[in-house]
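Breakdown of the fold
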Amino acid sequence: MKLFFDGKRKSGTQNLGSFLAHQCVAFGEKKASSQGGQARERRTWGRLLLGSPYEADGGPRQTGVRTLQSGDPNGIAAYVRARPMEEAARPGAPYPLARALRPPFLASASRSPPMVSRCLFRRGIDGYPCDQALRSSASRFPCLDDDHHYLSISPAMDMAVDMAIDAAPNGDASAAAPAVAAAHTSTARLAQIAESLKLEHQLVRVPLEHLKKTIRSNYRLAEREFTAVLNSVAEASGSSDSRSMDETLTRLSSLVTRLQGLKRKLEEGGKVENVQVQRCRARLEHLGSVADADKLDDWKDARLNRILVDYLLRMSYYDSAKNLAETADIQELADIDVFFEAKRVIESLRNKDLAPALVWCAENKPRLKKSKSKLEFQLRLQEFIELVRANEHMKAIFYARRYLAPWAATNMKEMQRVVTTLAFRHNTECSIYKVCQKFSSPHKDHSLDKVTASGIEVDFVEFLLGDSSVLFEPTQWDYLVEQFKQEFCRLFGMTNEPLLNIYLQAGLTALKTPLCYKEACSKEDPLSQEGFRKLAEPLPFSKLHHSKLVCYISKKPMDHENPPLVLPNGHVYSTKALEEMSRQNDGRITCPRTGEVCNFTELVKAFIS
Amino acid sequence: MELDLIQDAFDRVSKKQKLSSSKTQQLVRQIEHEIEQAIMKMQSTENATSCPELKQILADLKNKLNEFSPMNQLETLQKDLNITLGKYVKVTEKSFNPDISKAYRNVDFDPHIVNQIIASHFYRQGLFDLGDCFISEANEPEAAALKTPFLEMYGILESMRRRNLELALNWASSHSEWLAQNGSNLELKLHQLQFVEILQNDSVQNALSYVRKHLAPNASAHKVEIPKLMGCLVWSGKLHKSPYADLLSPNHWEKLADEFMQQFCSCLGQSYQSPLSIAIAAGIHGLPTLLKLESVMAVKKQEWQAMKQLPVPIDLSKDFQFHSIFVCPVLREQGSDENPPMLMPCGHVLSKQSIVKLSKSSTRPFKCPYCPLEASVAQCRQLHF
């Protein structure tokens, strides 16, 4: 331990490794003196940096010291990379190495950014500790230290830690690192998959709601029949007047047939329930099958197709939806039959027929009431308007008394608006007749030049009827269709928006950068397509905290295993691509974008975190 | 995500449902049985019109039915089932995110654009019938324009699958300039494969004439490959024993098909993978982060809808990196035309603004924040990624 600290004090601070060590010393001393636990601190630091400090055989500790002394960034990175994984993997490891590399502890002894509270780091510790902790600290505190021009080591740390933790296995890494890093990427992938499974609520909820509905309807059927039968029996036995045996026999046998009919219906209902239970189960199994790594691509394709089928069904393109479900073999995973129920109602609404919609509302009354839905009220309003349009005023009034009055308490204003139309139709004999004529036609544009009434009256009428004219429009039916679709989806536990829109929005936001809108955008980027660009316009840009570079030549990422090289003219390409080019051209490099030629030896390495 | 818990809860639901269903049917049978018994009793009594007897039977029937009270049993069954269903619903709501549309911004997605995107996706996947059906249902006749190029592509791919390279070769020769510009040697590979095919199935003479016709004109460009092909001629008929046996492997066909598709798509100005699937995959990656962000910002709901840039990064994997984005480590901002990245002599890269700040407006040399090498503003060069 002493060897380590004493040795490092003298070396300059030209390279990362020794700089690190220097800072440890500086801090270690400071802390030790302030707390008085010198030996303890040194042990702590020893353990932090080198693992077990008490190895007499000079094994890991000595190699560790040598590595750190060498100042070779790759070596140190490899060392740092190896340690946190091991430390983190050991249960109960008290001082993961990663935690040791926090900037405040290693900042230069001079004025350093304020110490970040322990909790901030503890929060950042789970997962890949140092990364997040450092980034959160860096974002919190200004990195430019005016007096000393030394950043609080965080970019350097970022670099070392990034190399250690972020990068995939490096060629010159120690043997432990590749295996551990590979495990890291696959755990990250599994975590990502688990997260994406959490989004699949609709997949599981919809068949369940459907099942509940079937169960409910079967129950009601049984309840009705039972009550009828029991009442009939009770009545027959309770009645005081005498009845002939034949009458009673016929009555009883009719009850028997009724029960037989019930039996049949319950059997059928039971079969339907079983099918639905099977569907629920199949979906749960499908979600479980994502763990099977071979079929992951198929699973992902199935997911995309599911999303598309959901969109097609919501837009009422039933044939395409069926076609796609069959082609992609996802019939169990798609809710086609659920939407078929809606299809009937929607088509009737498009044909201006309100009856099926009202029947549907009656069937689902309790649940619609629970969600405080106004659908029924709006349907009734539309029926009222139709009556008014057909000039059947008395019928309209009776209708309103019967059906609209119960809703009056909660929806007074709207009701008043609608009922006003009726009021004015009554006065059609008077000079406002023409005005009303104009209002009853589907044209929104109602010029009042032909009216003979006094201007004030006309204005008054227009004022009152201004909004109401829209109620006569045929677009009102489309509005009803939309409302119905929304209620329908809500009842079945589906999202308000089609899944496609939700995911597409999220994806476009994640991919959107200012570079996507330039001409030089790579064609592989979805945002290079006109349609996607238009859709993404109102969405926010994504943000990055670290540089992510892609080579122009090979289209591969430029990271620590493929670092960027700079040509004399300032253009940057990846090492691998340039090496390949120089190999094929006797050591000469031609810049693909400007055409300038240079030698491979003239290239400079760039360090980008 | 504990799928096991959910499956257990669901198993309970399914058991209860079966139980309830069978019990209900049993109840029905019981009632029926009682009534039939009553009927039989009535038919067996000799005194057909005796009222009290009749009444007695009916009263018995009523009492029996009330005894095992089918209504109450039905109710209890239904209640139990509802309780189990309710528990299952709770489990699902806990394990899954109940409302993923919370992070949805209220912007209108023009349905025409979305429909066009979907139609082109179908065509790109080769589902031409589905695409046509969709277009007719969605009433988007303009989208049909995307059909023809992909039809062509799939036609060529189909013929390649049947080991017929003619169409592919035609396409490659008609686009040879474009291919050469983009540094692709697709044409050469096609010729190679064709050569091997001819050698195997046909005579050496034909193979030789094929090479003479197609590869000789450009011989200088293919200095490495042509000798190999000539070497194959020596082993004609025994190619699998030659050192060139790997040319026979079927992977070449698949790889070539992939490469062909890639070149075809990029010639059209389209991406290799369907853009819709890329966008949706990115969305699936990024949605959990967005939902978390939304719930944190839920207090300031307005900001969520109107923000210009996300405050947190969404971590996408390498597959989604299409652009070089430089983020200055000091300012944590993206590089742009006004704030380009600059390379310092020590090899580290910072944005222009941070260099200017560090050097106190370009007056004196400053120390690099990473390594203590001094540099002045003039020594820094601008980088182009």
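- The name given to chain A in an unreviewed UniProt entry is Macrophage erythroblast attacher, and the organism recorded there is Zingiber officinale.
- The UniProt entry for chain A carries the following comment under Subcellular location (unreviewed entry): "Cytoplasm".

Points about the overall build of chain B
- Helix and strand content of chain B: 15 helices and five strands.
- Against the compact-globule benchmark of 21 Å for 385 residues, chain B has a radius of gyration of 38 Å, which places it well outside the compact range.
- Structurally, chain B occupies a C-alpha span of about 120 × 80 × 45 Å along its principal axes.
- Taking all 385 residues of chain B together, the buried fraction comes to 46%.
- Relative to all contacts within chain B whose residues are 6 or more apart in sequence, the contacts with residues 24 or more apart total 56%.
- Accessible area for chain B stands at about 19,800 Å²; split by element, carbon and sulfur atoms hold 50% of it.
- Counting 41 positive and 42 negative side-chain charges, chain B places the centres of these two groups 9 Å from one another.

Considering the UniProt feature "zinc finger region: RING-Gid-type" (unreviewed entry) in chain A
- Look at the UniProt record and you will see "zinc finger region: RING-Gid-type" (unreviewed entry) annotated at residues 521–594 of chain A.
- Annotated as 23% helix and 18% strand, the span residues 521–594 of chain A places its first and last C-alpha atoms 18 Å apart.

Some points on the sheet that holds strand β1 (residues 341–343) of chain B
- Ordered by their spatial adjacency, three strands build an open sheet running β2-β1-β5 (chain B), and the pairing between neighbours is antiparallel. The open sheet has two edge strands, β2 (349–351) and β5 (381–382) of chain B, and neither has a second partner.

A closer look at the packing of helix α19 (residues 375–389) of chain A against helix α24 (residues 475–491) of chain A
Residue and element names in this part refer to chain A.
- Relative to each other, α19 and α24 sit at 160°, their axes nearing to 10 Å. When the axes of α19 and α24 are compared, the pair comes out roughly antiparallel. Considering how the two elements wind past one another, α19 and α24 form a crossing that is left-handed. Residues L375, Q378, L379, Q382 and E386 of α19 touch α24, and the partners they reach there are Q476, W477, Y479, L480, Q483, F484 and E487.
- Looking at the contact of α19 with α24 residue by residue, the classes come out as six nonpolar, four polar and two charged.

Notes on the packing of helix α12 (residues 201–238) of chain A against helix α13 (residues 245–288) of chain A
All names here are of chain A.
- For the pair α12 and α13, interaxial distance at closest approach is 9 Å and the crossing angle is 165°. In terms of orientation, α12 lies roughly antiparallel with respect to α13. For the pair α12 and α13, the sense of crossing is left-handed.
- Of the residues contributing to the contact of α12 with α13, the split by class is 22 nonpolar, seven polar and eight charged.

Observations concerning the interface of chain A and chain B
- The interface of chain A with chain B comprises 142 residues on the first partner and 130 residues on the second.
- Here chain A and chain B share an interface that buries about 12,800 Å² over both sides, 70% of which is from carbon and sulfur atoms.
- Along the contact surface separating chain A from chain B lie three salt bridges.
- Between R205 of chain A and E93 of chain B there is a salt bridge whose closest N-O contact spans 3.1 Å.
- Broken down by element, the residue count for the side of chain A that touches chain B peaks at 23 residues, all from α13 of chain A.

Comments concerning helix α9 (residues 186–201) of chain B
Residues and elements named next belong to chain B.
- Along its 16 residues, α9 runs 23 Å from first to last C-alpha, staying within 8% of the 22 Å computed at 1.5 Å per residue.
- Among the 16 residues in α9, 12 count as buried, and that is most of the element.
- Looking only at α9, the buried set comprises L186, L188, L190, H191, Q192, L193, Q194, F195, V196, E197, I198 and L199.
- Packed against the buried residues of α9 are α6 (147–161), α7 (166–174), α8 (176–181), α10 (204–214), α11 (225–234) and α12 (251–268).

A closer look at unusual backbone geometry
- At S316 of chain A, a position not held by glycine, the phi torsion is positive, near 70°.
- You can see S316 of chain A is positioned in the loop between α14 (296–314) and α15 (318–328).
- Judged by relative accessible area, S316 of chain A falls into the buried class, the value being 13%.
- Phi is positive for N139 of chain B, close to 65°, though the residue is something other than glycine.
- Here N139 of chain B is to be found in the loop between α5 (128–138) and α6.
- What makes N139 of chain B exposed here is its relative accessible area of 61%.

What about the sheet that holds strand β7 (residues 604–605) of chain A?
Residue and element names in this part refer to chain A.
- Read from one edge of the open sheet, three strands run β4-β3-β7, paired in antiparallel fashion. The strands lining the two open edges of the sheet, one partner per strand, are β4 (572–574) and β7.
- Here two bridges tie strand β3 (residues 564–566) to β7, and the two strands are oriented antiparallel to one another. Looking at β7, one finds that L565 is bridged to K605.
- Sitting on the sheet, helix α27 (residues 575–584) touches β3 and β4, and the angle it makes with β4 is about 85°.

Parameters and conventions
Residues numbered from 1 in each chain as written. Chains lettered and ligands numbered in written order. Predicted model: local features only at pLDDT ≥ 70, side-chain atom pairs only at ≥ 80, totals over all residues. Heavy atoms only, no water. UniProt positions renumbered as here; feature names shortened; annotations may be inferred. Helix = DSSP H or I, 4+ residues; strand = E, 2+ residues; numbered from the N terminus. Rg over C-alpha atoms; globule rule 2.2 N^0.38 Å. Buried < 20%, exposed > 50% of the residue type's maximum accessible area, 1.4 Å probe, protein only. Contact = heavy atoms within 4.5 Å. Areas by Shrake-Rupley, 256 points an atom, 1.4 Å probe, with all protein chains shown as cover. Lys, Arg positive; Asp, Glu negative; His and termini not counted. Charge placed at Lys NZ, Arg CZ, Asp CG, Glu CD. Pairing = 2+ DSSP bridges. Axes fitted to C-alpha atoms, helices over the stretch in contact; angles between N-to-C directions. Parallel < 35°, antiparallel > 145°, perpendicular 65-115°, else oblique. Left-handed = near helix turned anticlockwise from the far one by under 90°. Nonpolar A, V, L, I, M, F, W, Y, C, P; charged D, E, K, R; others polar. Buried area = accessible area lost by both parts, 1.4 Å probe. Salt bridge = Lys/Arg side-chain N within 4 Å of Asp/Glu carboxyl O. Expected span 1.5 Å × (residues − 1).

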